[in-house]
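# A structural walkthrough
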Amino acid sequence: MFYRRKHYVIRDHFVDDFNRLFTDINLPNQLKHGARLIGRWMMPLDNGDVEVFAIWEYDSEAAYERIEQSVRADTEHGDRIRQWFAERGGREHLSNTAFVSIRNDILTDTVTPHRLTETQPEAGIDAIH
């Protein structure tokens, strides 16, 4: 499997609009082209900004690249994204007023497959070493 994390830091005032963009436009298009969402979370930061990130799963890095190419080639999706940005003053405006940072991180598995099948210790304080 291949995993990636799409990571954003955004201004607090932009959270609701940004979450609607994801739910209404980006998520349906990613799913349509074969991406699998593991989950999406957000948390406030000490400075008032908000961290938002999603974990995506793909069969392989090649599958991820094919899906991303399909997403970018989807002209209807591109039109919806351009319209969404235009209605909010454009990409440059939002880069200056809403988005603090955007990253696309490749995640590396640190658990070997044989460790996943071994008996797990019982939960509790004694299980923490």
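Notes on the structure follow.

What counts and how
The residue numbering used here restarts from 1 in each chain and proceeds along that chain's sequence as written. Reporting in this predicted model follows two pLDDT cut-offs: at least 70 for local features of residues, and 80 or more for side-chain atom pairs to be given and counted; totals over whole chains, interfaces and linings ignore these cut-offs and use all residues. As a rule here, side-chain values come from all non-hydrogen atoms in the structure, and water together with hydrogens is ignored. Helix and strand definitions follow DSSP, with helices as H or I runs of at least four residues and strands as E runs of at least two, each counted in order from the N terminus. Per-residue accessibility, obtained with a 1.4 Å probe over protein chains only, is compared with the maximum for each type, and a residue is labelled buried under 20%, exposed over 50%, and partly exposed between these values. Whether two residues are in contact is decided by their heavy atoms, any of which lying within 4.5 Å being enough. Computed over the protein atoms alone on a 1 Å grid, cavities are sets of points where a 1.4 Å probe fits but cannot get out and pockets are open sets with protein on both sides within 12 Å along at least five of seven lines; a residue lines them when it has an atom within 4 Å of a point. Grid points are joined across faces, edges and corners, and a volume is the space filled by probe spheres set on the points. Structural elements are reduced to axes, namely lines fitted to C-alpha atoms, with helices fitted over the stretch in contact, and the angle between N-to-C directions of any two is expressed from 0 to 180 degrees. Should an angle lie under 35 degrees it is considered roughly parallel, over 145 roughly antiparallel, and from 65 to 115 roughly perpendicular; all remaining angles are considered oblique. Residues were grouped as follows: Ala, Val, Leu, Ile, Met, Phe, Trp, Tyr, Cys and Pro as nonpolar; Asp, Glu, Lys and Arg as charged; and all remaining residues, including Gly, as polar. Counting rule for charge: Lys and Arg are taken as positive, Asp and Glu as negative, and neither His nor the chain ends is counted. The rule for a salt bridge is simple: a side-chain nitrogen of Lys or Arg has to be within 4 Å of a carboxyl oxygen of Asp or Glu. Polar contacts here mean pairs of N or O atoms no more than 3.5 Å apart (in protein, one a potential hydrogen donor and the other a potential acceptor; neighbouring residues in sequence count only if both atoms are side-chain atoms).

Here we take up the overall build of the chain. Per the secondary structure count, the chain includes five helices and four strands. Going from N to C terminus, the chain has its helices and strands arranged as β-α-β-β-α-α-α-β-α. Counting over 129 residues, the chain shows a buried share of 35%. In the chain, 69% of the contacts between residues at least 6 apart in sequence involve partners at least 24 apart.

What the largest pocket holds in volume is close to 670 Å³. Breaking the lining of the largest pocket down by element, the ones donating at least two residues are β1 (2–10), α1 (15–32), β3 (50–58), α2 (61–73), α3 (75–87), α4 (91–97) and β4 (99–107).

By the element assignment, Gln-30 lies in helix α1. In this structure, Gln-30 is in contact with Arg-4, Ala-35, Trp-56, Tyr-58, Ile-67, Glu-68 and Val-71, ignoring residues within four places of it in sequence.

The interhelical angle for the contact between α1 and α3, taken along N-to-C directions, is 170°, at an axis separation of 10 Å. Taken together, the axis directions place α1 and α3 in an arrangement best described as roughly antiparallel. Across from Asp-17, Leu-21, Ile-25, Asn-26 and Asn-29 in α1, the residues of α3 making contact are His-77, Arg-80, Ile-81 and Trp-84. A per-class count over the contact of α1 with α3 returns four nonpolar, three polar and two charged.

Turning to the side chain of Glu-51, a few remarks are in order. Summarising the element assignment, Glu-51 is placed in strand β3. Lacking a salt bridge, the buried Glu-51 has Arg-5 as its closest oppositely charged neighbour, with an N-O distance of 4.8 Å. Polar contacts involving the side chain of Glu-51 include one to the side chain of His-7, which spans 2.9 Å. Once you skip the residues sitting within four places of it in the chain, Glu-51 turns out to touch His-7, Tyr-8, Val-9, Trp-41, Met-42, Met-43 and Leu-45.

Any functional reading would require information beyond the geometric quantities listed.
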